[in-house]
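Examination of the molecular architecture
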Amino acid sequence: MSPAAYHPVLDPALAPPFPKAVLPVLRNPQLRKNVAHAIDVIQAKRGKLVAEKTDWQELRAAGAAIRDHALENLGFYLEQFEERCTAAGGVVHWASDAAEARQIILKLLREENASEVIKIKTMTSAEIQLNPFLEAAGVRTYETDLRRSSCSLGKLSLRTLWCRRCM
Amino acid sequence: MRVSLFITCYNDTLFPETGRAVVKLLERLGVEIDFHPQQTCCGQMHANTGFRAEAFSQAKRFVRLYQETETVVIPSSSCVAMIRDQYPGLFEELGNEDLRKQFAALLPRVYELSEFLVDRLKVEDVGAYFPHRVTYHASCHGLRALHLGDRPWRLMDKVRGMEQVALANLDRCCGFGGTFSVKNAEVSSAMLAVKLQDVMATGAEFCTALDNSCLMHLGGAMHRQYAGMKTIHLAEILASTESSPAEGLA
């Protein structure tokens, strides 16, 4: 199996069909063992918390209702977020598609004269194919899951660890 | 009480013993059964693979056949989930207001077998006898779409002679997923292999469920591995009595 097969192309237009793309992963026993272990650990933790609650099914339904409401009124909440984020000193950028989002991010990096960037691992950045785009534009990218730990360190550390504009 | 039995294409073509067991069980409970020989399939396979026109025709047929029926009983969570979750969208798309209203009126009278027994007939002890070690597999559609909850256990707990063995990771899919098992055979088989480990670890004689589709997937693997375990639809266990055991065991 070629090494490229382990880095599947995420662009739906370029990616091989799922049943084919999945084969190298399926035939990787270490990866499957790791994923199975991760699932077992997460499920066991979840099971422990569920067992503590007598009304978890109701909580779950309430959570689903909140999510559905947020999705149905996404426009309103996005604008509300922009308003509050701006008031708190943040800048919200709006992009109509993946290409525009990539351009905005590159422009910000150019303004900082950045040749390297540490970025949070997010599904959104994977979906808009941000990393290959930045690499092609000469910006070395480093991905991290550190955001979670930094969030738990509190506001101050969040600011010191991260350039706000790259968040 | 009078019910109409929608047996589903799957049970009809592959598991006729399940259909016979449902009839035996319901008749023993004093239920009169109607059967429309014109019935075919709920259309899930068509809807899930993009054959909208074919799904529409099955959905329309279902409403046409059962609109006068007091209660429809279906021994397959998957097909009930199709009717409950997907039909509303199909009828919406069709844009025929009369049909949509007919369906909306019919829907509350459509029951999955365990729902029918526990909720409608209000019976948990169906007088069954099944002297075997059994593990129960909770199908995705029963668990996540219909929210069957503890209904299957309420029924199983009253089966005389039966020893239940809890299945680990009960909420995990067996990997079948209808046409998924054809289109993504490798992933489907990988999921099956994981599921089968838990199922075999129970050491049960039988693995039961309320969906023969999962049981076909699991049973196929058991058969090929020469496993000492068999699959059986819960209806067949519930229909089984001392004097009239489940088919194949007599």
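Residues numbered from 1 in each chain as written. Chains lettered and ligands numbered in written order. Predicted model: local features only at pLDDT ≥ 70, side-chain atom pairs only at ≥ 80, totals over all residues. Heavy atoms only, no water.

Looking at the pairing of strand β8 (residues 230-233) of chain B
Residues and elements named next belong to chain B. With four bridges joining them, strand β7 (residues 206-209) and β8 adopt parallel strand pairing. Note that in β8 the partner of Phe 206 across the bridge is Lys 230. Handedness of the β-α-β unit built from β7, helix α12 (residues 212-224) and β8 comes out right-handed. (Pairing = 2+ DSSP bridges. Helix = DSSP H or I, 4+ residues; strand = E, 2+ residues; numbered from the N terminus. Right-handed = clockwise from strand over helix to strand, strands pointing away.)

Some details on the confidence of the model for chain A
All names here are of chain A. Per-residue confidence for chain A gives a mean pLDDT of 83, with 80% of residues at or over 70. Mean pLDDT across the elements of chain A bottoms out in helix α10 (residues 155-161) (39) and peaks in helix α5 (residues 74-87) (96). Low pLDDT, under 50, characterises residues 1-6; the predicted model gives this stretch five contacts beyond four residues in sequence or across chains. In the model, residues 154-167 has pLDDT below 50 throughout and makes 17 contacts with residues more than four positions away in sequence or in other chains. (pLDDT = per-residue confidence, 0-100. Contact = heavy atoms within 4.5 Å.)

Re the interface of chain B and chain A
Counting residues at the interface gives eight residues for chain B and 11 residues for chain A. Summing both partners gives a buried area of about 710 Å² for chain B against chain A, and 48% of it is carried by carbon and sulfur. Among the residues of chain B in contact with chain A, Arg 172, Glu 186 and Val 187 of chain B are the three that bury the most area, contributing 52% of the side total. Our count for the chain B to chain A interface comes out at two salt bridges. The partner of Arg 27 of chain A in a salt bridge is Glu 186 of chain B, and the shortest N-O contact between them spans 3.2 Å. (Buried area = accessible area lost by both parts, 1.4 Å probe. Salt bridge = Lys/Arg side-chain N within 4 Å of Asp/Glu carboxyl O.)

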